[in-house]
Protein chains: 2
Amino acid sequence: MDCLKEIKQTLTEENIGGFLITNAVNIHYITNFTGSESILLITPDRDYLFTDFRYIEQAQQDIPWIKVVEKKVSLERTICGKLKRLKIKKLYIESLHLTVYQYHEIIDGNSGIHLIPTKGIVEKYRKYKTDQELEKLRTAISIAENAYEGVRKKIQAGFSEKRIADFLEYEIRNRGGQRSSFEIICAAGKRASLPHARATERIIEGKEAVLVDWGASFQFYNSDLTRVCFIDKISPDYKKIYQIVLDAQDLAIDSIKPGRKAREVDGAARSYIEKKGFAKCFGHGLGHGIGLEVHEGPIINSRSKEILEENMVFTVEPGIYIPGWGGVRIEDMVLVTPSGCEVLSRAPKKLEEIAG
Amino acid sequence: MDCLKEIKQTLTEENIGGFLITNAVNIHYITNFTGSESILLITPDRDYLFTDFRYIEQAQQDIPWIKVVEKKVSLERTICGKLKRLKIKKLYIESLHLTVYQYHEIIDGNSGIHLIPTKGIVEKYRKYKTDQELEKLRTAISIAENAYEGVRKKIQAGFSEKRIADFLEYEIRNRGGQRSSFEIICAAGKRASLPHARATERIIEGKEAVLVDWGASFQFYNSDLTRVCFIDKISPDYKKIYQIVLDAQDLAIDSIKPGRKAREVDGAARSYIEKKGFAKCFGHGLGHGIGLEVHEGPIINSRSKEILEENMVFTVEPGIYIPGWGGVRIEDMVLVTPSGCEVLSRAPKKLEEIAG
């Protein structure tokens, strides 16, 4: 599926003058342009990238087939001028990525223009990964795993959460990653009950579990993994909960195949965790699509209406969080294949592999 | 000036039911809450933070004086429910930070509600730094400078731009920074003509100038500096252009004081660069305010309508960019004082100090 070609065809068929792309990631997906502060106008004939001085030279190098327009005063007013010259009267907009301010600027600058809200048109294409994208995702995963492997051996009592996160960041970059794909979560002991805990200066004690949620960005594609590790032995109650989460993840992974409802995959893990008595301790969805963004389609939770299809890539990350005690989350990335799924990540996660 | 108190007063005086804060940085500024995916509703009586499961425990810890509401289905629908119960009929919105989608969700969910667009209300307060904020900014600068000092000595021919950026990132974190405050720019030789060049795998040669634009984030406050360094001697033409930029920066800094128009400060540097024959080579504004965001108010460019006032902090960063040749930019951070300004950054920048 060629996203740009199909969009142009739709514009022609529905007699729409253009499509204003304001989501920077969608602009990157369509054009490969990587500067910020830019807006793309797709029309049935030509495409225009509006950007500021800082990115003009870069844009002309990156995307010579698109007309690069330097902004004057503001991007919105520059676009208004172009819309008038092109006599565009009906314009698709990305309603999730156009602000109320931008909306009014365009309306006020083009009397009679009709802005038609759309939602997730480009994002729909992004759910299905091409071979080229898969290659980048695999590299992003292997960089993250190698970096973790390197840091794992260094984790010891007396280190702060932040120090571990910083080591990991360095190793990710050192192994060819652009950077970590999000702020690395490193939460020891009780702090692991915060699903999105920041790494703090808190010093790790010998007997605590350390939850690490990290990923690498490689050529703008991202990985996202979670593991728990121990400096010392694992306590019996932690073992019990860890095994429940691991089994729940296995059940979810086993249920993945084309045609399966995403909410059924979520349900496979969730119902098991509920059956084991932790119904209220798994408050987030099972996973999320991942690619140019760490969180993108498909949505994998109990309310999802998505049907899994080949070449979708998403995370599977059940968790049990108990305030005052701590938390367990295990997160891997999977690719939907014709007959089931391939687990793309390989970092060790069996109980005997994660002990100190 | 207490931002929250004054906003509540305005709401009462103007008979507005509430103010919906959708800019995450503004939420942080007002509440100190640091999770993402949240929306703040200020009303004359109580304030409500809508967030998802992942941040509930954190929010309750961080901001016990605000009512934390867990989202159901979507943040927007959860807010709609609250707006109804509070019988809010007129609501201020942040037009720069509310999407067209959110706008429609709120309108559709609350028949008869009137959304009143506002622009930059909280941002206006953020322009003036308190002593506490200044302390954090000074630390963010000193972390960045120490990190650069450490890396500067290591820069040698044969290193890639990215390797230098990665070292710098590590040193920033190692010295107490949360992270670099933006993707570090490291551009050698001709690549320095791209004002926002990414650090690439390109290997630095002995005779090239290396432009580094970096900053550190400390307790969410940011620094932003630019220096050029040399591994070897500086060529005569580079010296000439460098000195012009440095003199232009001096002229701008000397012109700063309360009551001065921001565009006059821009003009002090710009007219000097123009006089020296490089009118078309300085295509961006002279600087920008900086604090919780790397780019915030006041705007310092030739079209700015801002008047400088005490306790504003901004960058002064003139540049000369020549495609095919390279570029020079020198960037420091200044604080407007009662009688002029204090240059907050101290990294060496005289010609004799930057040579290899």
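Residues numbered from 1 in each chain as written. Chains lettered and ligands numbered in written order. Predicted model: local features only at pLDDT ≥ 70, side-chain atom pairs only at ≥ 80, totals over all residues. Heavy atoms only, no water.

A few points about the overall build of chain A
1) Next: Each helix and strand counted, chain A has eleven helices and 19 strands in total.
2) Next: The principal-axis extents of the C-alpha atoms in chain A amount to approximately 70 × 40 × 35 Å.
3) Next: Going through the 356 residues of chain A one by one, you find that 58% of them count as buried.
4) Next: Pairs at least 24 residues apart make up 65% of the contacts formed inside chain A by residues separated by at least 6 positions.
5) Next: As displayed, chain A offers around 14900 Å² of accessible surface, 49% of which is attributable to carbon and sulfur atoms.
6) Next: Averaging the positions of the 52 positive and the 50 negative side-chain charges in chain A gives two centres separated by 2 Å. (Helix = DSSP H or I, 4+ residues; strand = E, 2+ residues; numbered from the N terminus. Buried < 20%, exposed > 50% of the residue type's maximum accessible area, 1.4 Å probe, protein only. Contact = heavy atoms within 4.5 Å. Areas by Shrake-Rupley, 256 points an atom, 1.4 Å probe, with all protein chains shown as cover. Lys, Arg positive; Asp, Glu negative; His and termini not counted. Charge placed at Lys NZ, Arg CZ, Asp CG, Glu CD.)

Some remarks on the confidence of the model for chain A
1) Next: Of the residues in chain A, 99% have a pLDDT of 70 or more, and the chain-wide mean is 94.
2) Next: Two summary scores accompany this predicted model of the complex, namely pTM at 0.92 and ipTM at 0.89. (pLDDT = per-residue confidence, 0-100.)

Regarding the pattern of salt bridges
Pairing between side chains of opposite charge can happen when the charged atoms of each approach one another.
1) Next: One pass over the structure, following the stated rule, counts 44 salt bridges over all chains.
2) Next: Between Arg126 of chain B and Glu293 of chain B there is a salt bridge, with the nearest N and O atoms lying 2.8 Å from each other. One end of the pair, Arg126 of chain B, is in helix 6 (residues 121–126); the other, Glu293 of chain B, is in the loop between strand 13 (287–289) and strand 14 (296–300), and 167 residues separate them in sequence.
3) Next: With a closest N to O distance of 2.8 Å, Glu169 of chain B and Arg173 of chain B form a salt bridge. With Glu169 of chain B and Arg173 of chain B both in helix 8 (residues 161–174) and four residues apart, the pair spans about one turn of that helix. Neither Glu169 of chain B nor Arg173 of chain B differs from the other in exposure class; each is buried.
4) Next: Ionic contacts of the salt-bridge type, sharing partners, join the residues Lys162, Asp166, Glu169 and Arg173 of chain A together with Lys162, Asp166, Glu169 and Arg173 of chain B into one network. (Salt bridge = Lys/Arg side-chain N within 4 Å of Asp/Glu carboxyl O.)

Let's talk about the sheet that holds strand 9 (residues 209–214) of chain A
Residues and elements named next belong to chain A.
1) Next: Strand order in the open sheet made by the three strands is 8-9-12, with antiparallel pairing throughout. Whereas interior strands pair on both sides, the edge strands pair on one side only; in this sheet they are strand 8 (185–188) and strand 12 (225–230). Here the strands of the sheet are splayed against their neighbours by 15° on average, with no regard to which way each runs.
2) Next: Looking at chain direction, strand 9 and strand 12 are connected through six bridges and run antiparallel. Along strand 12, the bridge assignment pairs Asp213 with Thr226.
3) Next: Along the sheet face, helix 7 (residues 131–152) touches strand 9 and strand 12 and points at about 15° away from the line of strand 12. (Pairing = 2+ DSSP bridges. Axes fitted to C-alpha atoms, helices over the stretch in contact; angles between N-to-C directions.)

Here we look at the sheet that holds strand 12 (residues 225–230) of chain B
Residue and element names in this part refer to chain B.
1) Next: The strand order 8-9-12 describes an open sheet built from three strands, whose pairing is antiparallel. Of all strands in the sheet, those with a lone pairing partner are strand 8 (185–188) and strand 12, marking the two edges. Across the sheet, the mean angle from the axis of one strand to that of its neighbour is 15°, orientation sign disregarded.
2) Next: Lying over the sheet, helix 8 contacts strand 8 and strand 9 (209–214), oriented at roughly 150° with respect to strand 8.

A few points about the interface of chain B and chain A
1) Next: Chain B puts 40 residues into the contact, and the matching count from chain A is 40 residues.
2) Next: Contact between chain B and chain A buries roughly 3700 Å² in total, counting both sides, with carbon and sulfur atoms accounting for 57%.
3) Next: Its largest share of buried area at the contact with chain A, chain B owes to Phe53, Arg54 and Val100 of chain B, together 17% of the area lost on that side.
4) Next: Summed over the shared surface of chain B and chain A, the number is six salt bridges.
5) Next: Glu183 of chain B serves as the salt-bridge partner of Arg179 of chain A, at 2.8 Å between the closest nitrogen and oxygen. (Buried area = accessible area lost by both parts, 1.4 Å probe.)

A word on helix 10 (residues 262–275) of chain A
Residues and elements named next belong to chain A.
1) Next: Taking 1.5 Å per residue, 14 residues should reach 20 Å; helix 10 reaches 20 Å between its end C-alpha atoms and fits that length.
2) Next: Taken as a whole, helix 10 carries its principal kink of about 25° at Ala268.
3) Next: Buried residues of helix 10: Ala262, Val265, Asp266, Ala268, Ala269, Arg270, Tyr272 and Ile273, and no others.
4) Next: Check the buried side of helix 10 and you find it contacts helix 9 (236–254), strand 14 (296–300) and strand 16 (319–322).
5) Next: Gly277 occupies a position one or two residues after helix 10 and carries a positive phi of about 95°. (Expected span 1.5 Å × (residues − 1). Bend = angle between axes of the 7 residues up to and from the residue.)

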